[in-house]
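# Breakdown of the fold
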Amino acid sequence: MRVLVTGAAGFSGRAIARWLRAEGHDVIAHHRASPLPADLADGETWRADLAGDDALPDRLDAIVHTAATSPPTGAADAVPTATLIRDNAVATARLAAADVGVFVYLSSLSIHGTISDPVVTPQTPVVDPDAYGMSKLLGERAVADRVVAKRAGPALAIRLPAVIGGGAARNWPVQVLGKLRRGETVRVFNAEAPFNNVVHVQDVAAFAAHALTAPPTGFAAVPVASRDAVRVRDVVTCLAEGAGMAADMEEGPAGKASFTIDISAATALGFAPRDTATALKDFAREETR
């Protein structure tokens, strides 16, 4: 298949582009400002502002849309709302209008906003999402509209938790591993709570690739995560074990309610993630090579 991968210079995008190339697909690697890695720059590339008026590459069979603008962890107001809407919602709507066979969109659990359910499912309600979450939700709706209007083929929105793997940035497991490597004490809250709010980037890449040849019927939006939750305190010990170091941990009082992620809707579509402990240990090992 001839596949456009947007955001191929980014963490998830380059993993997916490499996976698809390894499977023999004809990949067009898109980027905007950041340079592509050398192995992807050697193939067909497309540099463009996705919300602009550049013509899309021709003869596309599918689009895997990973490009997005997001604020740093814990700084939701760091990126202007107008920028988030333009780069995420407007750009996605423009791509979704393309006449391609399959569309895969990397969305986010942030679309839900405030989560009060103990288990997140595709039906978990949307409650006051921030600007980033709303921009991704509007992107999902644009992708769904293309299917409802029968303008093109099936589409899958993958709602991501924290994505980890060698080179990951900004999320909580990344921050914890950074503290461990600096010899700092890691403070955890809700230490006994179950946790699977993480997915390895290679498992995301495999799922996106699978969706190209075995897409859902119509449109589907599904949350993903690792399987077999561990306790929050075990996140720290798994990362320490993977990195080959001791964990200095301090437990604090319970904070806001935690949740786990039900991945059954995704697994029904071919998602096959590693378990949470393995995902965390693999990430730590990859970061210490």
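Please refer to the structure higher up on the page.
In short, a report on the structure. (Residues numbered from 1 in each chain as written. Predicted model: local features only at pLDDT ≥ 70, side-chain atom pairs only at ≥ 80, totals over all residues. Heavy atoms only, no water.)

Let us now look at the sheet that holds strand E4 (residues 62–65). Judged by pairing direction, the sheet is parallel, and its seven strands sit side by side in the order E3-E2-E1-E4-E5-E7-E12 without closing on themselves. Each end of this open sheet is capped by a strand with a single partner; those strands are strand E3 (44–47) and strand E12 (219–223). For this sheet, the mean angle separating the axes of adjacent strands, direction not counted, is 20°. Relative to E3, strand E2 (residues 26–31) runs parallel, the two sharing four bridges. Counterpart to His30 in the pairing with E3 is Trp46. Sheet strands in contact with helix H4 (residues 131–148) are strand E5 (102–108), strand E7 (155–160) and E12, and its direction is about 160° off that of E5. (Pairing = 2+ DSSP bridges. Helix = DSSP H or I, 4+ residues; strand = E, 2+ residues; numbered from the N terminus. Axes fitted to C-alpha atoms, helices over the stretch in contact; angles between N-to-C directions. Contact = heavy atoms within 4.5 Å.)

Time to look at the packing of aromatic side chains. One pass over the full model with this rule turns up two aromatic pairs. Ring plane angle 65° and centroid distance 5.6 Å describe the contact between Trp172 and Phe195, whose orientation is recorded as edge-to-face. Taken together, the positions of Trp172 in helix H5 (residues 172–181) and Phe195 in strand E10 (residues 194–195) put the pair 23 residues apart, joining distant regions of the chain. Since its relative accessible area comes to 29%, Trp172 is described here as partly exposed. (Phe/Tyr/Trp six-rings, centres within 6.5 Å; stacked < 30°, edge-to-face > 60°. Buried < 20%, exposed > 50% of the residue type's maximum accessible area, 1.4 Å probe, protein only.)

With that settled, consider helix H3 (residues 81–96). The terminal C-alpha atoms of H3 lie 21 Å apart, and with 16 residues this matches the ideal 22 Å at 1.5 Å per residue to within 8%. Taken together, the buried positions of H3 are occupied by Leu84, Asp87, Asn88, Ala89, Ala91, Thr92, Leu95 and Ala96. The secondary structure elements touched by the buried residues of H3 are strand E1 (2–6), E4, E5 and H4. (Expected span 1.5 Å × (residues − 1).)

Further remarks concern the pattern of salt bridges. Side chains that differ in charge, positive against negative, can pair when their charged atoms come close. Counted according to the given criterion, the structure contains 20 salt bridges. The partner of Arg2 in a salt bridge is Asp26, with the nearest N and O atoms 3.3 Å apart. Note that Arg2 is positioned in strand E1 and Asp26 in strand E2, a separation of 24 residues in sequence. Classification of Arg2 as buried rests on a relative accessible area of 6%. One salt bridge in this structure joins Glu250 and Arg187, with 2.4 Å as the shortest N-O distance. (Salt bridge = Lys/Arg side-chain N within 4 Å of Asp/Glu carboxyl O.)

For E7, the buried fraction is high: six of the six residues fall into the buried class. The side-chain alternation of E7 yields two buried faces, one formed by Ala155, Ala157 and Arg159 and the other by Leu156, Ile158 and Leu160. By the bridge criterion, six bridges tie E5 to E7 in an arrangement that is parallel. Paired with Tyr105 across the two strands is Ala157, which belongs to E7. Bridging between E7 and E12 involves five bridges; their strand directions are parallel. Looking across to E12, one finds that Ile158 is bridged to Val222.

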